[in-house]
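Fold and geometry: a report
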Amino acid sequence: MRVGDSLASVLPGGNGLSRVGVQPDAGRDLQRWASGVASLDAALAGGLAYGRVHEFYAREGGDAPATAGFALALLTAMAGGADGCSALWLRSRRAVRQAGVVQANGWAELGGRPEDCLFAMIADAKELLKAAVDGLRSGALGAVVVETQGSLPELDLTASRRLALAAEKSGTTLFLLRSGAEPVPSAAETRWRVAAAPSRALPANAPGAPVFAIELLRQRSGPSGLSWQLEWNRDRRIFTEAASGDLVSVPRRRSPAAAGAGPVRFGQRAA
C-alpha cells in the first residue's frame, strides 16, 4: 500500500484537524487541544498536543472496542466537527479480529463524520508502520490512527522515533491504539490506559452516554499516574467528567462482528 503516493487523490483537501479549542504552547509553539476538563488540561499543560504521537493501551483485551471508541470520540472532538478533516485509520488483521469492524453508523452516532476517514487493514507489521509514516508525511491528513493487537516487536524505539519525527514535521497527530500488549518505552508524547466504564442511566433505565476510564501513564514532561472518567457528549462534541448517579453496567463482553478483508471507505457499503 503506497499511502504517500495515493493520499492526495483519495483524501483531497485535507488540511489538518480544525484547531477548535487550541491552546498555544509559548515554549515550543506547540498547539494543544483543550478538553474543557480543568484537571485534565492542567495535567497536560493546556491540553493534548497536536502533531505528536499519543499511545492508548486497552486495560484488558475486552477493552479494545472501548479504546477504539475513545479514539473516535477524541478525533471528533479535536476536529471540532469541521468539514475536510480527513483521517487515515490503519489496522492490523489481529486488531480487526479482536475489536471487530468499526461501523460508520456507530461513528455518526458519536457525532463524527465517518465519510472523512479512510480505513485500511494491513496484515504485515512492517508495511503497517511504513504506511503510517507515509500518511504522516503526506500532508493530506489531519490525523493518522494505527491500531494493533498483541506485542509488536517491529514497533521498537527506533520505529517509534521515526513516527514521532514524521508527526512533528508534518503537524499531523498520530494515535497508536494497543491491545493485548504491555506498555513499552517509546517516543510518544503521552501514554494512556483506557477501559469502558459504567454510564449514567437515562429514563426507563436506558443506557446513557459512553463513559471512558482513562489513566495517564506517562508524558514527556509533567505529571503522570492520574486518572479520570470522561463522559462523551455527542451533541456538543466534548468530554465532561462523568457525574455520579444511577449507573448502567458495562455490557458483558461479546465476540466482535466478523470483519471483512481489505480497505473500507466510510460512507460506502462493504461488499
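On a predicted model such as this, the values are computed, not experimentally measured, just so you know.

Here's the deal with the overall build of the protein
- Looking only at helices and strands, the protein has seven helices and 15 strands in total.
- Taking all 271 residues of the protein together, 49% fall into the buried category.
- In the protein, the proportion of contacts linking residues at least 24 apart, taken out of those at least 6 apart, comes to 73%.
- Within the structure as shown, the protein displays about 12,800 Å² of accessible surface, and the carbon and sulfur contribution to it stands at 48%.

Focus on the nonpolar core
- In this structure, Phe70, Leu74, Trp89, Phe175, Trp192, Trp228 and Phe239 are the most contacted members of the largest nonpolar core, which totals 37 residues.
- Counting residues per element, this core draws most heavily on helix H3 (residues 64–79), at nine residues.
- In this structure, Phe175 is in contact with Leu48, His54, Phe56, Leu74, Leu75, Met78, Val144, Val145 and Val146, ignoring residues within four places of it in sequence.
- By size, the runner-up hydrophobic cluster in this structure holds 27 residues, among which are Leu88, Ala131, Val146 and Ala159.

Remarks on the packing of aromatic side chains
- Applying the stated criterion to the full structure yields nine aromatic pairs.
- Ring centres of Phe56 and Phe70 lie 5.8 Å apart, and the angle between their planes is 65 degrees; on these two criteria the pair is classed as edge-to-face. Remark: Phe70 occurs in helix H3 and Phe56 occurs in strand S4 (residues 53–58); sequence separation between them is 14 residues.
- Since its relative accessible area comes to 2%, Phe56 is described here as buried.

Let's talk about a negative patch on the surface
- A cluster of like negative charges, contributed by Asp124, Glu127, Glu154 and Asp156, occupies part of the molecular surface.
- Along the chain, Glu127 turns up in helix H6 (residues 125–138).
- By relative accessible area, Glu127 is classed as partly exposed at 36%.

A closer look at the pairing of strand S6 (residues 117–121)
- Of all the five residues making up S6, five are buried; the element is thus mostly covered by neighbouring parts of the structure.
- By the alternation rule, side chains of S6 split into Cys117, Phe119 and Met121 and Leu118 and Ala120, which are all buried.
- Where strand S5 (residues 87–91) meets S6, five bridges bridge the pair, whose relative direction is parallel. The residue bridging Arg91 from the neighbouring strand is Met121, located in S6.

What to know about unusual backbone geometry
- Within the chain, Ala45 stands out as a residue other than glycine whose phi angle is a positive 60 degrees.
- Examined against the element boundaries, Ala45 turns out to sit in the loop between helix H2 (38–43) and strand S3 (48–49).
- Relative accessible area serves as the criterion here: at 56%, Ala45 is assigned to the exposed category.
- In this model, Arg237 sits at a positive phi of 55 degrees, which is unusual for a non-glycine residue.
- Relative to the assigned elements, Arg237 resides in the loop between strand S12 (226–233) and strand S13 (238–241).
- The class for Arg237 is partly exposed, based on a relative accessible area of 32%.

Here we look at the pattern of salt bridges
- Applying the stated criterion across every chain, the model contains 13 salt bridges.
- For Glu189, the salt bridge goes to Arg220, with nearest N and O atoms at 3.6 Å. Pair noted here: Glu189 is in the loop between strand S8 (173–179) and strand S9 (190–197) and Arg220 is in the loop between strand S11 (211–219) and S12, with a separation of 31 residues, a long-range link.
- In this structure Glu189 comes out as buried when scored by relative accessible area, which is 6%.
- Among the ionic pairs, Arg200 bridges to Glu231, the shortest N-O distance being 2.9 Å. A residue pair is termed long-range when its members are at least 10 positions apart, and Arg200 in strand S10 (residues 199–200) and Glu231 in strand S12 qualify at 31 residues.
- Classification of Glu231 by relative accessible area gives buried; the value is 8%.
- A network of salt bridges, in which partner residues are shared, links Arg52, Glu168, Glu189 and Arg220.

Section: H3
- In this model H3 runs 23 Å from its N-terminal to its C-terminal C-alpha over 16 residues, within 8% of the 22 Å that 1.5 Å per residue would give.
- By the criterion of burial, H3 is predominantly enclosed, with 15 of the 16 residues buried.

Each value, and the rule that gives it
- Residues numbered from 1 in each chain as written.
- Predicted model: local features only at pLDDT ≥ 70, side-chain atom pairs only at ≥ 80, totals over all residues.
- Heavy atoms only, no water.
- Helix = DSSP H or I, 4+ residues; strand = E, 2+ residues; numbered from the N terminus.
- Buried < 20%, exposed > 50% of the residue type's maximum accessible area, 1.4 Å probe, protein only.
- Contact = heavy atoms within 4.5 Å.
- Areas by Shrake-Rupley, 256 points an atom, 1.4 Å probe, with all protein chains shown as cover.
- Core = buried A, V, L, I, M, F, W, Y, C linked by side-chain atoms within 4.5 Å.
- Phe/Tyr/Trp six-rings, centres within 6.5 Å; stacked < 30°, edge-to-face > 60°.
- Patch = residues over 30% accessible without salt bridge, like charges linked within 9 Å, V, L, I, M, F, W, Y side chains within 5 Å.
- Salt bridge = Lys/Arg side-chain N within 4 Å of Asp/Glu carboxyl O.
- Lys, Arg positive; Asp, Glu negative; His and termini not counted.
- Charge placed at Lys NZ, Arg CZ, Asp CG, Glu CD.
- Pairing = 2+ DSSP bridges.
- Expected span 1.5 Å × (residues − 1).

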